[in-house]
Amino acid sequence: MNKNPFSLEGKIALITGASYGIGFAIATAMADAGATIVFNDIKQELVDKGLAAYAEKGIKAHGYVCDVTDEEAVNAFVAKVEQEVGVIDILVNNAGIIKRIPMTEMSAAQFRQVIDVDLNAPFIVSKAVIPSMIKKGHGKIINICSMMSELGRETVSAYAAAKGGLKMLTKNIASEYGEYNIQCNGIGPGYIATPQTAPLRERQPDGSRHPFDSFIVAKTPAARWGEAEDLGGPAVFLASDASNFVNGHILYVDGGILAYIGKQPS
Ligand code: NAP
Ligand code: GCO
């Protein structure tokens, strides 16, 4: 074991959908802790944009095009990474989408698409990396869950169903593969300022804050939106030897939202 239990020196980390946003911030923190970074995105232009952004931070990342919902493509991608970079020690299932549509107006096809990216894909990618982790004798899987792994709200039925399912997939991977020294944990980010949540923070025509923006700040004891960088330290912890006996846990990084009953009316 490394003298610094938080070091990721010599580790290879695959972070899905990490050209920007939360995935990019987690990958950057892992690179700073010594890991070699591999990421994918659906489009070549996003991979190129990601590679340029990593290079700007002095990180030599390996970027690939791969749709995480396509099992055959994922298997080929993981085999290619093993050949070109090495066996994946750390997997972060980060790629995700959301559709904000009232449930009674949502088609089954739209519901399925969210489940496909946010729940089926973590199953597909985890399944592709676990056999080599078993052979290597260790592995870390981190699933990016959500407040919606615990809470519901209007318009996000598919997303909440997927993220609630992802929490249980996390516990099941931990249960099924813990004996092979594989730790599978989740991170449940609070409300984080990224392109995914940009529509919830848009200024109103009169220049005032979006009502949802003010609502979230009032719901968060930290009284602010999270930044993607807030997730770096927790991700490094769950990827490192420091968390070798932490398994099947969801670490909520939410500025305190889940602990808080809410402000009393004035
Ligand atoms: P984001 O800004 O929308 O980034 C998501 C990334 O995933 C994008 O690069 C996206 O690529 C990629 N992606 C989507 N579908 C993919 C697919 N089929 N194959 C490969 N890549 C795919 O989102 P974010 O806010 O950084 O969120 C990252 C993760 O954290 C998601 O799982 C999200 O649900 C979760 N999360 C976010 C928040 C938040 O407040 N922002 C809170 C809790 C959890 P494209 O640009 O091509 O779509
Ligand atoms: C929404 C949001 C969320 C967050 C996040 C919270 O519309 O409520 O987009 O669901 O992105 O997942 O943890």
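Please read all numbers here as calculations on a predicted model, not as lab measurements. (Residues numbered from 1 in each chain as written. Chains lettered and ligands numbered in written order. Predicted model: local features only at pLDDT ≥ 70, side-chain atom pairs only at ≥ 80, totals over all residues. Heavy atoms only, no water.)

1. Quick notes on the layout of surface pockets
Here is step 1: Within this model, the largest pocket holds a volume of roughly 880 Å³.
Here is step 2: Along its surface, the largest pocket is lined by 40 residues, and N94, A95, G96, I97 and Q196 are the ones closest to its centre.
Here is step 3: Taken together, the elements giving at least two residues each to the lining of the largest pocket come down to α1 (21-32), β2 (36-41), α4 (108-136) and α5 (157-177).
Here is step 4: Per-element accounting of the lining of the largest pocket gives the leading share, 3 residues, to α1.
Here is step 5: Tallied by class, the residues present in the lining of the largest pocket amount to 21 nonpolar, 13 polar and 6 charged.
Here is step 6: Each pocket or cavity is described by its volume, and for the second largest pocket that value is around 210 Å³.
Here is step 7: As for the second largest pocket, its lining consists of 14 residues, and the residues nearest its centre are M148, L151, Y191, F215 and K219.
Here is step 8: Class assignment of the residues belonging to the lining of the second largest pocket gives a composition of 10 nonpolar, 1 polar and 3 charged. (1 Å grid on protein atoms, 1.4 Å probe; cavity = no way out; pocket = protein on both sides within 12 Å on 5 of 7 lines; lining within 4 Å. Points joined across faces, edges and corners; volume = space filled by probe spheres on them. Helix = DSSP H or I, 4+ residues; strand = E, 2+ residues; numbered from the N terminus. Nonpolar A, V, L, I, M, F, W, Y, C, P; charged D, E, K, R; others polar.)

2. With respect to the sheet that holds strand β5 (residues 139-144)
Sheet strands associate in pairs through backbone hydrogen bonding, adopting either a parallel or an antiparallel arrangement.
Here is step 1: Spatial ordering of the open sheet is given by β3-β2-β1-β4-β5-β6-β7, a layout of 7 strands whose pairing is parallel. Edge strands, defined here as strands with exactly one partner in the open sheet, are β3 (62-65) and β7 (250-253). Ignoring strand direction, the axes of neighbouring strands in this sheet form an average angle of 20°.
Here is step 2: Sitting on the sheet, α1 touches β1 (12-16), β2, β4 (90-93), β5 and β6 (182-189), and the angle it makes with β1 is about 170°.
Here is step 3: Against the sheet, α4 touches β1, β4, β5 and β6, its axis set at about 175° to β4. (Pairing = 2+ DSSP bridges. Axes fitted to C-alpha atoms, helices over the stretch in contact; angles between N-to-C directions. Contact = heavy atoms within 4.5 Å.)

3. Quick notes on empty space enclosed by the protein
Here is step 1: Scanning the entire structure with this criterion turns up 1 cavity of 30 Å³ or more.
Here is step 2: One number sums up the size of the largest cavity: a volume of about 40 Å³.
Here is step 3: T16, V68, N93, N94, A95, V117, A121, P122 and V125 together form the lining of the largest cavity.
Here is step 4: Sorting elements by how many residues they give to the lining of the largest cavity places α4 first, with 4 residues.

4. Looking at the pattern of salt bridges
Here is step 1: Across all of its chains, the model carries 5 salt bridges by this definition.
Here is step 2: Across the pair K127 and E71 runs a salt bridge whose closest N-O atoms are separated by 2.7 Å. Separated by 56 residues along the polypeptide, K127 in helix α4 and E71 in helix α3 (residues 71-84) bring together distant segments of the chain.
Here is step 3: Residue K127 is classed as partly exposed on the basis of its relative accessible area, which comes to 44%.
Here is step 4: We note a salt bridge from K136 to D89, for which the minimum N-O separation is 2.8 Å. A residue pair is termed long-range when its members are at least 10 positions apart, and K136 in helix α4 and D89 in the loop between α3 and β4 qualify at 47 residues. (Salt bridge = Lys/Arg side-chain N within 4 Å of Asp/Glu carboxyl O. Buried < 20%, exposed > 50% of the residue type's maximum accessible area, 1.4 Å probe, protein only.)

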